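A structural walkthrough
As a plain string of letters, each chain reads:
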Amino acid sequence: MLNSTLLQRTILYVTSLWLLSASVGAYASSNMTFNKPVDTPQARYVIELMDLAYDQLGYQLELIEFDQPQALRAADEGTLDGQLGRIAAIESRYANLVRVDFPLFKFELIMLTRCAECQLNDLNSVVLRSGYPVAEQYLDSQNYQGRRLSLKSVSAQLNLLAQRQVDGIAILDFHLKQAFDSHNNPSYHRQHLNDYYSYHYVHKRHEALIPELLEVLNTLKQNGVVDYLKQKHGL
């Protein structure tokens, strides 16, 4: 939590950056295009932070509607300029994506089941959210041999669990929190699987931008802007 004096200074700093960015943006000739992520506090924080960072480099952040499960492939093929936020090591599957080595935020992968004592390999079937390979990678790392299903919707995942058509859901904590705000059956058992950090990725054709992005992001961190934005969005 930022103290009041630091908060005031940070707000003034952010305001000056936005005014400077608006001036720079008027002359920017290039866009950086990414798929619009699912609306969560984490996504709103990353969008605001990266918009600010790119503006300082003379680029405009452009978000477009895009099929989430296809976004990584599109970024790897160069249709998109990268990914706003993905876990480290995603480049092992998508070789054209290059990580900006600045941790954006920390999140948790959890397993939701109806069984209080069940471990991962006790589950015959697990449903994942398509477009988010972190869960798939975790199951691979644990040599999980059960049946895997992928669905786009968290609500659909929860419905399968409620109907006893699957034994568990591997899900990101902030996706679950968002779904449970309106879900009527929160009496499942939650098990921590692993913690991860999210990173920004660019297509390799933009690799020369990475040192500049890192410098900007580290400056925003040192000046309290990153913490201010996290606080603003409830992270």
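First, a word on what this report is: a plain description of the structure on this page. Counting restarts for each chain: residues are numbered from 1 in the order of the written sequence. Reporting in this predicted model follows two pLDDT cut-offs: at least 70 for local features of residues, and 80 or more for side-chain atom pairs to be given and counted; totals over whole chains, interfaces and linings ignore these cut-offs and use all residues. The basis for the side-chain values is all heavy atoms of the structure; hydrogens and waters are excluded.

Right, let's talk about the side chain of arginine 129 for a bit. Tracing the sequence through the fold places arginine 129 in strand β5 (residues 125-129). Three labels apply to residues, based on accessible area from a 1.4 Å probe with only protein chains included: buried if under 20% of the type maximum, exposed if over 50%, partly exposed otherwise in between. Only four residue types enter the charge count, namely Lys and Arg as positive and Asp and Glu as negative; His and the chain termini do not. Only one rule defines a salt bridge in this text: a Lys or Arg side-chain nitrogen within 4 Å of an Asp or Glu carboxyl oxygen. Of the buried charged residues, arginine 129 lacks a salt bridge, with aspartate 67 as the closest side chain of opposite charge at 10 Å. A polar contact is formed between the side chain of arginine 129 and the backbone oxygen of lysine 152, at a distance of 3.0 Å. In protein, a polar contact requires one atom able to donate a hydrogen and another able to accept it; more generally it is a pair of N or O atoms within 3.5 Å, and residues adjacent in sequence count only if both atoms are side-chain atoms. In this structure the side chain of arginine 129 is engaged in a polar contact, spanning 3.2 Å, whose partner is the side chain of histidine 175. Segments assigned H or I by DSSP are reported as helices when at least four residues long, segments assigned E as strands when at least two residues long, and all are numbered from the N terminus.

Now for the pairing of strand β8 (residues 189-203). Across four bridges, the pairing between strand β3 (residues 82-87) and β8 is antiparallel. Bridging from a neighbouring strand, arginine 86 pairs with tyrosine 199 of β8. In this scheme, strands are said to pair when DSSP sees at least two bridges between them. In this sheet, β8 lies alongside strand β4 (residues 97-113) in antiparallel orientation, the contact comprising 13 bridges. Paired with leucine 109 across the two strands is asparagine 194, which belongs to β8.

With that settled, the discussion passes to the nonpolar core. Take the buried residues of types Ala, Val, Leu, Ile, Met, Phe, Trp, Tyr and Cys, join any two whose side-chain atoms come within 4.5 Å, and each joined set is a nonpolar core. With 47 residues, the main nonpolar core has Tyr45, Leu49, Met50, Tyr54, Leu104, Phe107 and Val126 as its most contacted residues. Looking at this core, the element that brings in the most residues is β4, giving eight residues. Should any heavy atoms of two residues lie within 4.5 Å, those residues are considered in contact. Residue contacts for tyrosine 54: discarding those within four places in its chain leaves Met32, Phe34, Tyr59, Leu61, His200, Val202, Leu209 and Leu213. Listed in part, the 12 residues of the second largest apolar core include Val154, Leu160, Ile171 and Tyr188.

A few words now on the pairing of strand β1 (residues 30-35). Sheet analysis places β1 next to strand β2 (residues 59-64), joined by six bridges and oriented parallel. Paired with methionine 32 across the bridge in β2 is leucine 61. Between the parallel pair β1 and β2, the chain is carried across by helix α2 (residues 41-56), and the sense of this crossover is right-handed. Assignment of crossover handedness uses the view with strands pointing away from the viewer, where a clockwise path from the first strand over the helix to the second indicates a right-handed crossover.

Non-glycine residue asparagine 143 carries a positive phi angle of around 55°. Mapped onto the fold, asparagine 143 is located in the loop between α4 (134-141) and β6 (147-151). Of note in the backbone geometry, arginine 164 takes a positive phi value of approximately 60° without being a glycine. Considering the arrangement of structural elements, one finds arginine 164 in the loop between α5 (154-162) and β7 (168-172).

What follows is about the state of the cysteines. Note on terminology: a disulfide is the covalent bond linking the sulfur atoms of two cysteines. Cysteine sulfurs are considered disulfide-paired once they come within 2.5 Å of each other. Per the counting criterion, the structure on display carries one disulfide. Each sulfur in the disulfide pair cysteine 115 and cysteine 118 lies 2.2 Å from the other. Given an S-S torsion of about 90°, the disulfide between cysteine 115 and cysteine 118 has right-handed geometry. A residue is classified by how much of its surface remains accessible, and cysteine 115, at 29% relative accessible area, is partly exposed.

Attention shifts here to the environment of leucine 104. Examined against the element boundaries, leucine 104 turns out to sit in strand β4. Taking C-alpha positions, leucine 104 is 9.0 Å from tyrosine 45, a pair spaced 59 residues apart along the chain. When sequence neighbours within four positions are dropped, the list of residues in contact with leucine 104 reads Tyr45, Val46, Leu49, Met50, Leu84, Gly85, Ser198, Tyr199, His200 and Lys230.

Turning our eyes to something else, we now look at the side chain of aspartate 173. You can see aspartate 173 is positioned in helix α6 (residues 173-180). It is arginine 190 that comes nearest to the buried, bridge-free aspartate 173 among opposite-charge side chains, at 4.9 Å. Once residues lying within four places of it in the same chain are set aside, the contact partners of aspartate 173 are Phe107, Glu108 and Arg190.

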